[in-house]
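Each chain, letter by letter, is given below.
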Amino acid sequence: MEIRRAATVAELLAAGHLYDDPPREDWAARFLATPGHLMLIAYADDGEGPAGGFPVGFVSGIEMLHPDKGAEMCLYELSVDEGHRRRGAGRALTEALLAAAEERGCRGAWVGVDTDNDPALATYRAAGAMDEGVFTMRGWNLPGGG
């Protein structure tokens, strides 16, 4: 397995089977063009696919900056193909994102995760995450979000 930063729309689209919903080319292009957005993709060592391997997992992060907190990396989403789970890919992707965050000068990183998502909790714990307590999340669907 090799982990590389996604640099092209084709790479993001080729990992579409790992996303919750089908990717859109315009959103993929916007993601890559937005400063602070980062996608790392894990590739199987089979030599197939647009980047020299089949995408078997990804982690996306968004660097955020606040006047009193400095830069922090939000682990936005982590996904590993079902056939490649429990082999360390999720941990390796998480650790690669943390290393990229450190290289960018981030002071910390965080992730929101459902309290009943045992596989995700185990992955983040294995990568050194600390439990900062239970919290709730609220969201809004905006009509112009297309």
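Residues numbered from 1 in each chain as written. Predicted model: local features only at pLDDT ≥ 70, side-chain atom pairs only at ≥ 80, totals over all residues. Heavy atoms only, no water.

*Asks:* Any chance you could explain the pattern of salt bridges here in plain terms?
*Replies:* Side-chain pairs of opposite charge can arise where the charged atoms are in close proximity. What the rule picks out here adds up to five salt bridges. Salt-bridge contacts for Glu2 lead to Arg4; the nearest nitrogen and oxygen are separated by 2.8 Å. Residue Glu2 is classed as partly exposed on the basis of its relative accessible area of 38%. The exposure class of Arg4 is buried, given its relative accessible area of 19%. In this structure, the salt-bridge partner of Arg104 is Glu63, at a minimum N-O distance of 2.9 Å. With Arg104 in the loop between helix H3 (89-103) and strand E5 (108-110) and Glu63 in strand E3 (residues 55-66), this residue pair connects regions lying 41 residues apart in the sequence. Judged by relative accessible area, Arg104 falls into the partly exposed class, the value being 30%. (Salt bridge = Lys/Arg side-chain N within 4 Å of Asp/Glu carboxyl O. Buried < 20%, exposed > 50% of the residue type's maximum accessible area, 1.4 Å probe, protein only. Helix = DSSP H or I, 4+ residues; strand = E, 2+ residues; numbered from the N terminus.)

*Asks:* Please explain the sheet that holds strand E2 (residues 37-43) as it appears in this structure.
*Replies:* Within a sheet, each strand pairs with its neighbour through backbone hydrogen bonds, oriented either parallel or antiparallel. Spatial ordering of the open sheet is given by E1-E2-E3-E4-E5, a layout of five strands whose pairing is mixed. In the strand order of this sheet, the two ends are held by strand E1 (2-5) and E5, each with one partner. On average, adjacent strands in this sheet sit at an angle of 25° to one another, irrespective of strand direction. Along the sheet, H3 makes contact with E1, E2, E3, strand E4 (70-80) and E5, crossing E4 at roughly 160°. (Pairing = 2+ DSSP bridges. Axes fitted to C-alpha atoms, helices over the stretch in contact; angles between N-to-C directions. Contact = heavy atoms within 4.5 Å.)

*Asks:* When you look at H3 in this model, what are you seeing that I'm missing?
*Replies:* Because an α-helix completes one turn every 3.6 residues, residues spaced three or four positions apart along the sequence face the same direction. Compared with an ideal rise of 1.5 Å per residue, which puts 15 residues at 21 Å, H3 spans 21 Å between its outermost C-alpha atoms and is within 8% of the ideal. Residues Ala89, Gly90, Leu93, Thr94, Leu97, Ala100 and Ala101 constitute the buried set of H3. Within H3, the buried residues cover an arc of 135° as seen down the axis, which keeps them to one side. Among the exposed residues of H3, those oriented more than 90 degrees off its buried face are Glu102 and Glu103. Tucked inside the fold, the buried residues of H3 contact E1, E2, E3, E4 and helix H4 (118-126). Directly after H3, the chain includes Gly105, whose backbone phi takes a positive value near 90°. (Expected span 1.5 Å × (residues − 1). Arc of directions from axis to C-beta.)

*Asks:* I would appreciate a short explanation of the packing of H3 against H4 in the present structure.
*Replies:* Between two packed helices, the angle of one axis relative to the other and the distance separating the axes together describe the packing. For the pair H3 and H4, the least separation of the axes is 9 Å and the interaxial angle reads 50°. When the axis of H3 is compared with that of H4, the two are oblique. The interaxial crossing formed by H3 with H4 has right-handed handedness. Seen from H3, the contacting residues are Gly90, Arg91, Thr94 and Glu95; seen from H4, they are Thr123, Tyr124 and Ala126. Grouping the amino acids of the contact of H3 with H4 by side-chain chemistry returns two nonpolar, three polar and two charged. (Parallel < 35°, antiparallel > 145°, perpendicular 65-115°, else oblique. Left-handed = near helix turned anticlockwise from the far one by under 90°. Nonpolar A, V, L, I, M, F, W, Y, C, P; charged D, E, K, R; others polar.)

*Asks:* How do you make sense of the environment of Ala28 when you look at a structure like this?
*Replies:* Here Ala28 is to be found in helix H2 (residues 25-33). Spatially, the C-alpha atoms of Ala28 and Asn117 are 27 Å apart, while their sequence positions differ by 89 residues. Not counting chain neighbours up to four residues away, the residues in contact with Ala28 comprise Val9, Leu12 and Leu13.

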